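Descriptive analysis of the structure
Chain by chain, the residues:
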Amino acid sequence: MATIVENELDSLKNLKDSFVRFMMTYKFALEEVNTKINILKQEFQYADDYNPIEHITSRLKSPESIINKAYRKGFDLTLSSIKENIRDIAGVRITCSFISDIYKISRMLQNQKDIKLIEVKDYVKNPKPNGYRSLHLIIQIPVFMSNRVNDVYVEVQIRTIAMDFWSSLEHKIYYKYSGEIPKELKEELTEAAFSALKLDEKMENIHDQVNKIKKHSQF
Ligand code: GTP
Ligand code: MG
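The sections below set out a description of the structure shown in this document. Given the structure is predicted, the values throughout are model-derived calculations rather than measurements. (Residues numbered from 1 in each chain as written. Chains lettered and ligands numbered in written order. Predicted model: local features only at pLDDT ≥ 70, side-chain atom pairs only at ≥ 80, totals over all residues. Heavy atoms only, no water.)

Another point: the site of ligand 1. By nearness alone, 15 residues border ligand 1, and Lys69, Tyr123, Asn130, His136 and Glu170 come closest of all. For ligand 1, a nitrogen atom lies 2.9 Å from a polar atom in the side chain of Lys128. Here a nitrogen atom of ligand 1 and a backbone polar atom of Ser167 are 3.0 Å apart. With the chains in place, 71% of the 610 Å² that ligand 1 exposes on its own is no longer accessible. Every element with two or more residues in the shell around ligand 1 is listed here: strand E5 (149-160) and helix H5 (161-176). If you tally residues by element for the shell around ligand 1, the top one is H5, at three residues. Among the residues forming the shell around ligand 1, the class breakdown is two nonpolar, five polar and eight charged. (Near = heavy atom within 4 Å. Polar contact = N/O pair within 3.5 Å; in protein donor to acceptor, adjacent residues only side chain to side chain. Areas by Shrake-Rupley, 256 points an atom, 1.4 Å probe, with all protein chains shown as cover. Helix = DSSP H or I, 4+ residues; strand = E, 2+ residues; numbered from the N terminus. Nonpolar A, V, L, I, M, F, W, Y, C, P; charged D, E, K, R; others polar.)

Following this line, the structure appears as structure tokens:
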């Protein structure tokens, strides 16, 4: 009897160890991507006269959300299935100043040799029906561990301050109403997304004019 309990405890402990190791690889992947973006940010600050990166945030999906998502999407509840199918366990969000910066930063990341681009969802060029805009990249980067190399998926969201402002509020309202936002509010939110788009376009235009003036004054 005691050995059955001991065996079960042993297998539970092994499961826990595997899960902790599994989550650790995502934490390391996040640190790698954060370092890469911080290097870009610091280099911009020193080499250029302006830094397009306003701020960077990152998050690890909680074990509970991982299991919920796997269950919701009908994926096997095994580590290998989760690793392959849930590609936003590690997430990084880069907020930048102008729309053009989004593509600039995206190109810079994609040009890094150890980053493999897996998927691009361009909600900047093709916004969602509710007005959501952002550039989403799923990338894969190698994480070097003591006895193995793990290729880890990371979701990178790149957006302007205006896009970030809108999506943070929309997200809060969405949760407040458990996903069932009243029709009127929904329409107002979509209008607000349009205002954010207009603001982004206006700021981009001013930015272009400033750049042109700067170019002329250099010669
Ligand atoms: P998830 O199952 O949520 O990961 O969505 P998906 O696999 O369809 O991917 P998608 O690229 O469309 O969205 C991924 C993430 O983008 C979400 O988890 C949010 O962080 C963000 N996002 C997407 N759509 C919206 C939106 O309408 N509003 C807000 N606030 N955020 C959004
Ligand atoms: Mg997600």
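Reading across from one edge, E1-E2-E5-E4-E3 is the order of the five strands in this open sheet, with mixed pairing throughout. Each edge of the sheet is formed by a strand with only one pairing partner; in this case those strands are strand E1 (53-60) and strand E3 (116-122). Adjacent strand axes in the sheet meet at a mean angle of 25° when their direction is disregarded. Of the strand pairs in this sheet, strand E4 (residues 135-144) and E5 are connected by ten bridges, and their pairing is antiparallel. Paired with Ile139 across the strands is Val154, a residue of E5. Across the sheet, helix H4 (residues 99-110) touches E1, strand E2 (90-96), E3, E4 and E5, and the angle it forms with E5 is around 165°. (Pairing = 2+ DSSP bridges. Axes fitted to C-alpha atoms, helices over the stretch in contact; angles between N-to-C directions. Contact = heavy atoms within 4.5 Å.)

Here we come to helix H2 (residues 63-72). Those residues of H2 not exposed but buried are Ile66, Lys69 and Ala70. Burial along H2 is one-sided: seen end-on, the buried residues are contained in an arc of 100°. Among the exposed residues of H2, those pointing more than 90 degrees away from its buried face are Glu64, Tyr71 and Arg72. With its phi angle positive at about 75°, Gly74 sits one or two positions after the end of H2. (Buried < 20%, exposed > 50% of the residue type's maximum accessible area, 1.4 Å probe, protein only. Arc of directions from axis to C-beta.)

So, about a nonpolar patch on the surface. Among the surface-exposed residues, Val5, Leu9, Leu12 and Leu15 lie close enough to one another that they form a single nonpolar patch of about 400 Å² accessible area. Mapped onto the secondary structure, Val5 falls in helix H1 (residues 2-47). (Patch = residues over 30% accessible without salt bridge, like charges linked within 9 Å, V, L, I, M, F, W, Y side chains within 5 Å. Salt bridge = Lys/Arg side-chain N within 4 Å of Asp/Glu carboxyl O.)

Right, let's get into the environment of Glu170. When you line up the elements, Glu170 lands in helix H5. Since its relative accessible area comes to 14%, Glu170 is described here as buried. A C-alpha to C-alpha distance of 9.6 Å links Glu170 and Asn130, two positions 40 residues apart in sequence. Sequence-distant contacts of Glu170, that is, excluding residues within four places in its chain, are made with Asn130 and Leu189.

What follows covers the environment of Lys215. Assignment of secondary structure puts Lys215 in helix H6 (residues 183-218). For Lys215, a relative accessible area of 59% puts it in the exposed group. Between the alpha carbons of Lys215 and Lys128 there is a distance of 36 Å; along the sequence they are 87 residues apart.

Right, let's get into the environment of Gly91. The residue Gly91 is located in strand E2 in this model. Judged by its relative accessible area of 8%, Gly91 is buried. Through-space distance from the C-alpha of Gly91 to that of Arg107 is 18 Å; in sequence the pair is 16 residues apart. The contacts of Gly91, once residues within four sequence positions are left out, are Leu30, Thr57, Ser58, Arg59 and Glu155.

When the terminal C-alpha atoms of H5 are compared, their 23 Å separation across 16 residues agrees well with the 22 Å that a helix rising 1.5 Å per residue should span. Burial in H5 covers these residues: Ala162, Met163, Asp164, Trp166, Ser167 and Glu170. In the segment just after H5, Ser178 is the residue with positive phi, at about 45°. (Expected span 1.5 Å × (residues − 1).)

Right, let's talk about the packing of aromatic side chains for a bit. Two measures describe an aromatic ring pair: the distance that separates the ring centres and the angle between the ring planes. Under the criterion given, the structure shown has four aromatic pairs. Ring plane angle 25° and centroid distance 6.0 Å describe the contact between Phe19 and Phe22, whose orientation is recorded as stacked. Linking Phe19 with Phe22, this pair stays in helix H1, spanning three residues, or about one helical turn. Phe22 gets classed as buried once you look at its relative accessible area, which sits at 9%. (Phe/Tyr/Trp six-rings, centres within 6.5 Å; stacked < 30°, edge-to-face > 60°.)

On their own, these measurements won't tell you what the molecule is for.
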